[in-house]
Amino acid sequence: MSRVTSKLSRQDEVTIQTMSPKSWPRKITRRNFLEGTIQTSAAFLVGDLFSGVEQSLNAAIEKKGLSQFTRTKPLRSVVEDDRDISTVKAVQHIRRMRGGAQAHLFRCSDGHFYVVKFRNNPQHLKVLANEMLVALLANLAGLPVPRVAIVDVAGCLIGNTPELKMELSTHSVACVSGLQFGSQYVVTPWDGQVLDYLPSDMLARVRNIKSFAGILALDKWTSNTDGRQAAFWRWMREKKYTATFIDQGYCFNGGEWTFPDYALRGVFPDNEVYDHVCNWESFEPWLSRIEHMSEDKIWLAAGSVPPDWYLSDWHSLEKLVETLLQRQTLVRDLITAFRTSIRQPFPKWTLTS
Ligand SMILES: Nc1ncnc2c1ncn2[C@@H]1O[C@H](COP(=O)(O)OP(=O)(O)OP(=O)(O)O)[C@@H](O)[C@H]1O
Ligand SMILES: [Mg+2]
């Protein structure tokens with residue numbers, strides 16, 4: 001029996017819960033499904049709320065009487081339990097998102113909003129597996145990533161929503177139905193504001209700016225071949241932003257599941273986010289958590305990824321996890337390669353460190 005299958009059979013209960021489509025919707029109860037349905041009229045109006053950052057959300061909420069609907073509790077910024085992967089149903093399509101994977105925003109049966117990447121996205125099927133696995137690893141390291149979920153998108157919703165298409169170079173195809181990857185929208189739209197970019201002079205307003213050093217360690221470990229991306233969000237009436245790390249699709253080199261180590265990849269484009277970095281202590285507690293993450297937890301996280309998202313290629317998954325385990329001791333060297341690169345990202349690095 002291969003390492004993965006033996007590891008997976010050790011966690012039968014977990015793998016059955018997370019891998020069998022019949023048991024996936026274990027968290028969808030009739031009650032929460034009905035609650036989701038009851039909120040449909042509110043969500044129906046939300047599409048307008050999303051249509052422009054400039055629009056005054058408060059005014060829209062007043063105008064449309066949305067305040068009478070239950071506001072969701074403040075989001076947890078990270079998955080609190082690495083096994084806590086819900087399956088939710090997509091209830092309503094909100095809008096298409098920017099980006100190469102052509103993700104879409106949905107309101108789902110748990111009342112939350114999710115950015116959904118489809119299995120037939122133009123990047124690669126394994127982007128879904130990467131998103132899920134790296135979010136779980138980031139969570140184990142204590143890094144701020146959105147909650148992740150498996151989102152079940154019904155064929156009838158796709159059939160009735162002309163926008164749910166993948167635009168390819170010569171033609172378009174309908175999004176596939178079934179189980180997709182969902183990243184919970186970092187803040188409920190009427191509770192706050194989300195920005196993809198913050199100008200350098202506003203980065204001082206990011207309360208968890210130091211965690212950029214931690215995500216750098218994770219990106220180096222998982223060989224993220226894309227630039228590091230964050231969603232910067234704030235509650236209404238608050239000035240400070242929080243960074244939540246999104247888009248882990250190109251960790252493990254996207255669909256390749258290889259680990260090319262480029263000093264200048266997997267890093268944030270702006271040096272300012274590393275301004276506080278002056279020695280190895282600046283990477284704590286995240287770096288040590290990555291270096292000492294238990295083998296069992298890493299296997300468990302890998303076993304939580306729906307096999308459909310990597311065509312049940314156990315052998316490749318096993319190789320991926322084995323490589324991750326070997327690379328736990330390499331992370332400092334990979335950070336050093338970035339530190340000593342022409343970009344000179346850490347000018348305050350002390351010689352004694
Ligand atoms: N959890 C989230 N909360 C808020 N916004 C999000 C979230 N996830 C994604 N987004 C938004 O959706 C966009 C697309 O997501 P993402 O970057 O993951 O997709 P992508 O298609 O892989 O992008 P790229 O072209 O950069 O590879 C992001 O730029 C961001 O604006
Ligand atoms: Mg992106």
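So, here's what we can say about the structure. (Residues numbered from 1 in each chain as written. Chains lettered and ligands numbered in written order. Predicted model: local features only at pLDDT ≥ 70, side-chain atom pairs only at ≥ 80, totals over all residues.)

**Here we look at the overall build of the protein**
Item 1. When helices and strands are counted, the protein shows 12 helices and 10 strands.
Item 2. The contacts of the protein with a sequence gap of at least 6 include a subset with a gap of at least 24, amounting to 76%. (Helix = DSSP H or I, 4+ residues; strand = E, 2+ residues; numbered from the N terminus. Contact = placed C-beta atoms within 7 Å.)

**Digging into the sheet that holds strand E8 (residues 192-195)**
Item 1. With antiparallel pairing, the three strands of this open sheet are ordered in space as E8-E9-E10. Pairing within the sheet leaves two strands with one partner each, and these edge strands are E8 and strand E10 (242-246). Ignoring which end each strand starts from, the neighbouring axes of this sheet average 30 degrees apart.
Item 2. Strand direction decides the pairing type here: E8 and strand E9 (residues 229-235), joined by four bridges, are antiparallel. (Pairing = 2+ DSSP bridges. Axes fitted to C-alpha atoms, helices over the stretch in contact; angles between N-to-C directions.)

**Comments concerning unusual backbone geometry**
Item 1. Here the amide bond leading from Glu284 into Pro285 is cis, since omega sits at 10 degrees, within 30 degrees of zero.
Item 2. Inspection of the secondary structure assignment puts Pro285 in the loop between E10 and helix H9 (286-291).
Item 3. Unlike most non-glycine residues, Ser223 shows phi in positive territory, near 50 degrees.
Item 4. Note on placement: Ser223 falls in the loop between helix H8 (211-221) and E9.

**Remarks on the environment of Val173**
Item 1. Mapped onto the fold, Val173 is located in strand E6 (residues 172-174).
Item 2. Expressed as a C-alpha distance, the spacing of Val173 and Asn121, which sit 52 residues apart in the sequence, is 10.0 Å.
Item 3. Other than its neighbours up to four places away in sequence, Val173 contacts Asn120, Lys165, Met166 and Leu168.

**Digging into the packing of H8 against helix H12 (residues 331-339)**
Item 1. Contact geometry of H8 with H12 gives a least axis separation of 9 Å together with a crossing angle of 110 degrees. Of the possible angle classes, the one that applies to H8 and H12 is roughly perpendicular. Between H8 and H12, the contacting residues are Leu216, Ala217, Lys220 and Trp221 on the first element and Val331, Leu334 and Ile335 on the second.
Item 2. In terms of residue class, the contact of H8 with H12 is made up of six nonpolar, no polar and one charged. (Parallel < 35°, antiparallel > 145°, perpendicular 65-115°, else oblique. Nonpolar A, V, L, I, M, F, W, Y, C, P; charged D, E, K, R; others polar.)

**A short note on the sheet that holds strand E1 (residues 86-96)**
Item 1. Ordered by their spatial adjacency, five strands build a closed barrel running E1-E2-E3-E7-E4, and the pairing between neighbours is mixed. Between one strand axis and the next, the sheet turns by 55 degrees as a mean value, whatever way the strands run.
Item 2. Taken together, the four bridges between strand E2 (residues 104-108) and strand E3 (residues 113-117) define a ladder with antiparallel strand orientation. Bridge assignment links Arg107 to a residue of E3, and that residue is Phe113.
Item 3. The sheet contacts of helix H6 (residues 126-141) involve E3, strand E4 (148-153) and strand E7 (178-184), and relative to E7 the element is tilted by about 45 degrees.

**Points about the nonpolar core**
Item 1. In this structure, Val116 and Val151 are the most contacted members of the largest nonpolar core, which totals 84 residues.
Item 2. Tallying contributions element by element places H6 first for this core, with 12 residues.
Item 3. Apart from the residues within four sequence positions on either side, Val151 is in contact with Val88, Ala90, Phe106, Cys108, Tyr114, Val116, Gln180 and Gly182. (Core = buried A, V, L, I, M, F, W, Y, C linked by C-beta atoms within 7 Å. Buried ≥ 20, exposed ≤ 12 C-beta atoms within 10 Å, placed from the backbone.)

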